[in-house]
Amino acid sequence: MPVTKGSTIDPARTRATILEAATAVLYERGLDGIGVAELCTRIGVSKETLYRHFGTKEGLVEATLRQRSERVTQWLTAAVEAAGHDPRDQLAAVFEALQQWYDAPVFRGCAMLNAAAQHHVEPVRTITARHLDRYLELLTSIAERAGADDPPALGRQLLMLVEGATVVAAHHDSVGAGEHARKAALTLLSAASAAGPCD
């Protein structure tokens, strides 16, 4: 990355800039769909700079996945919090946010599941599992607030709807995938809790 004359190199900022650029490229092209040389050209850094900050391409991949997981989890948590105190509204907000993502031109499915399917290596599988655990924690907390008889079981069912909707949106038809999943999720929530009927 070019450094303006008279300025100093900030390693943390350089690393963050590489991560931001690489995350977009790797999501678009796939982890194995681009070599290191082309990746460096696309994000505007030398191989030496990339290796200095991440060690290897695998190190970069793992860093991008961890950052993306953190960002997505915060995004969905914020959507839930913005929906107010009613668990039904909170759950609906999850699927409404997902539908907005599905409708985006850059949508290519779940980066974590894509990574796990492309890279059968333990570090990537561990990051993916932790990402799904975070989804599960969020969904189970909604189930608990709704008074579900078995919040962990309902949380897992809701997780399956989230990931199923994402796979359908990525590989079949994104139109209405989040809406269909939202309706199914609210039906599950209503049946599994004493919170009353869900709209």
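This text gives an overview of the structure that appears in the document. Just so it is clear, the structure is predicted and the values come from calculations on it, not from any experiment.

## A short note on the packing of helix 1 (residues 11-29) against helix 4 (residues 57-82)
- The contact between helix 1 and helix 4 brings their axes to 9 Å, and the two run at 90°. One way to sum up the angle between helix 1 and helix 4 is to call them roughly perpendicular. Contacts between helix 1 and helix 4 involve R15, I18, L19, E20, A22, T23, L26 and Y27 from the first element and K57, L60, V61, A63, T64, Q67, R68 and R71 from the second.
- Class assignment for the residues of the contact of helix 1 with helix 4 results in 8 nonpolar, 3 polar and 5 charged.

## Digging into helix 2 (residues 36-43)
- Listed as buried for helix 2 are V36, L39, C40 and I43. End-on view of helix 2: buried residues confined to an arc of 100°, all on one side of the axis.
- Among the residues trailing helix 2, G44 stands out with phi positive, at a value near 75°.

## Section: the packing of aromatic side chains
- The full count for this structure, using the stated rule, is 4 aromatic pairs.
- Summarising the aromatic geometry, the rings of W75 and W101 are spaced 6.4 Å apart at their centres and angled 75° between planes, so their arrangement reads as edge-to-face. Of this pair, W75 sits in helix 4 while W101 is found in helix 5 (residues 87-103), placing the two residues 26 residues apart along the sequence.
- Owing to a relative accessible area of 32%, W75 belongs among the partly exposed residues under this scheme.
- Among the residues examined, W101 registers a relative accessible area of 18% and is labelled buried.
- For the pair Y102 and F107, a centre-to-centre distance of 5.2 Å together with 55° between the ring planes defines the contact as tilted. Note on accessibility: Y102 and F107 belong to one class, buried.
- Among the aromatic residues, those joined into a cluster by ring pairs are W75, W101, Y102 and F107.
- Against the face of Y27 rests R68, its NZ or CZ located 4.0 Å from the ring centre.

Reading guide: rules and limits
- Residues numbered from 1 in each chain as written.
- Predicted model: local features only at pLDDT ≥ 70, side-chain atom pairs only at ≥ 80, totals over all residues.
- Heavy atoms only, no water.
- Axes fitted to C-alpha atoms, helices over the stretch in contact; angles between N-to-C directions.
- Helix = DSSP H or I, 4+ residues; strand = E, 2+ residues; numbered from the N terminus.
- Parallel < 35°, antiparallel > 145°, perpendicular 65-115°, else oblique.
- Contact = heavy atoms within 4.5 Å.
- Nonpolar A, V, L, I, M, F, W, Y, C, P; charged D, E, K, R; others polar.
- Buried < 20%, exposed > 50% of the residue type's maximum accessible area, 1.4 Å probe, protein only.
- Arc of directions from axis to C-beta.
- Phe/Tyr/Trp six-rings, centres within 6.5 Å; stacked < 30°, edge-to-face > 60°.
- Lys NZ or Arg CZ within 6 Å of the ring centre and 35° of its normal.

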